[in-house]
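Chains, contacts and geometry: an overview
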Amino acid sequence: MSAFRNRLLCFFLCSFWLAQQAALADVEQQDQFGKNTKPKLEIAPYLWAPTIEGRLNFGEVAVNLSLPPVELASDLNGGFMGAGRLTKDNAFLIGEALWLDYENEAFEPFFNQEVHTQLGFAQVAAGWRFDQGGHRWTLAPYVGVQHVNLTSDIRGSLGSLSLNEQWTSPAIGGIAEAHITSRLSLSAKADYADHFSDGRLLSLFGVVNYAFSEDVTVSLGYRWAEGKLKGAEDFVLDLDAAGPVAGVRWQVF
């Protein structure tokens, strides 16, 4: 997995560097669609199937976690994953939301106790897109804010534990995209949120996009995320999640 992750990171860095060089070479080039164009709104529900590995410390309890996608999906009560983007000329707003409701009546890592966990993630950011080479290469840095909410109840013969933690922090990132043909493109995205003394979150992913029409594009790729979050009562969550991701992007207007 680490070798694939290194290749993914290399792809993003190469895309970022090439797009940056194009932007520096021709920073005065105007958008080929002109200024004062109409705003464009896109929504993109997606499915990410990661393998989750890591460690959780809560007081005197310390457990190792290892959840493959099939096991994770089998115990989900519900969930949602989606993103959106609003663009006007070269300025853009992006947002992403993820919510999972997980319940396992005999969770083995927690000594077969009953576990009910809800995880919420949201990010909103604004940025500027640099288009070069007739829009064949684009680079879009952005800044924003990220919020994570985690609630968990653990009950069983060993007692009970309840957790309700929230983290909010600034985030930075960038999107690099290469248009291979009029329908086929490659995209890489990275963002980082520093929760200061409470931890950090890093996410990288690369996808292949195919436009079936002007309004509908499908994407297939791979996403890796790493995070370490700290809370009250010596709570520490240190996770690594990686797996395939697939989605559909629809242009609303």
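A brief look at the structure comes next. From a predicted model like this one, the values you see are computed outputs, not experimental measurements.

1. Quick word on the pattern of salt bridges
- Within the structure shown, the criterion is met by seven salt bridges.
- Measuring nitrogen to oxygen at the nearest pair gives 2.9 Å for the salt bridge that ties E42 to R85. Residue E42 is found in strand β1 (residues 40–48), and its partner R85 is found in strand β4 (residues 76–88); the two are separated by 43 residues along the sequence.
- With a relative accessible area of 7%, E42 lands in the buried category.
- Looking at R85, the relative accessible area reads 26%, which means it is partly exposed.
- Between R200 and E226 there is a salt bridge, with its nearest N and O atoms 2.7 Å apart. Of this pair, R200 sits in strand β11 (residues 199–211) while E226 sits in strand β12 (residues 216–230), placing them 26 residues apart in sequence.
- Judged by relative accessible area, R200 falls into the partly exposed class, the value being 31%.
- Residues joined by salt bridges that share partners form a network here, namely E42, R85 and R249.

2. Considering a nonpolar patch on the surface
- On the surface, I43, L86, L93, W250, V252 and F253 cluster together to form a nonpolar patch covering roughly 520 Å² of accessible area.
- With respect to the helices and strands, L86 occurs in strand β4.

3. Things to note about the pairing of β11
- In the sheet, strand β10 (residues 184–194) pairs with β11 via 11 bridges, with the strands oriented antiparallel. Within β11, the residue paired with D194 across the bridge is R200.
- Remark: four residues form the turn of the hairpin made by β10 and β11, two consecutive strands paired antiparallel; F196 in that turn has positive phi of roughly 55°.
- What sits between β11 and β12 in their antiparallel hairpin is a turn of four residues.

4. As for unusual backbone geometry
- In this model, D89 sits at a positive phi of 55°, which is unusual for a non-glycine residue.
- Within the secondary structure, D89 is located in the loop between β4 and β5 (91–107).
- Relative accessible area serves as the criterion here: at 16%, D89 is assigned to the buried category.

5. Concerning the side chain of E96
- Tracing the chain through its elements places E96 in strand β5.
- Residue classification places E96 among the buried residues on the basis of a relative accessible area of 10%.
- At 2.5 Å, the side chain of E96 forms a polar contact with the side chain of Y46.
- With sequence-adjacent residues up to four places away left out, E96 is seen in contact with Y46, G82, A83, F121, A122, Q123, K189 and R223.

What counts, and where the lines are drawn
Residues numbered from 1 in each chain as written. Predicted model: local features only at pLDDT ≥ 70, side-chain atom pairs only at ≥ 80, totals over all residues. Heavy atoms only, no water. Salt bridge = Lys/Arg side-chain N within 4 Å of Asp/Glu carboxyl O. Helix = DSSP H or I, 4+ residues; strand = E, 2+ residues; numbered from the N terminus. Buried < 20%, exposed > 50% of the residue type's maximum accessible area, 1.4 Å probe, protein only. Patch = residues over 30% accessible without salt bridge, like charges linked within 9 Å, V, L, I, M, F, W, Y side chains within 5 Å. Areas by Shrake-Rupley, 256 points an atom, 1.4 Å probe, with all protein chains shown as cover. Pairing = 2+ DSSP bridges. Polar contact = N/O pair within 3.5 Å; in protein donor to acceptor, adjacent residues only side chain to side chain. Contact = heavy atoms within 4.5 Å.

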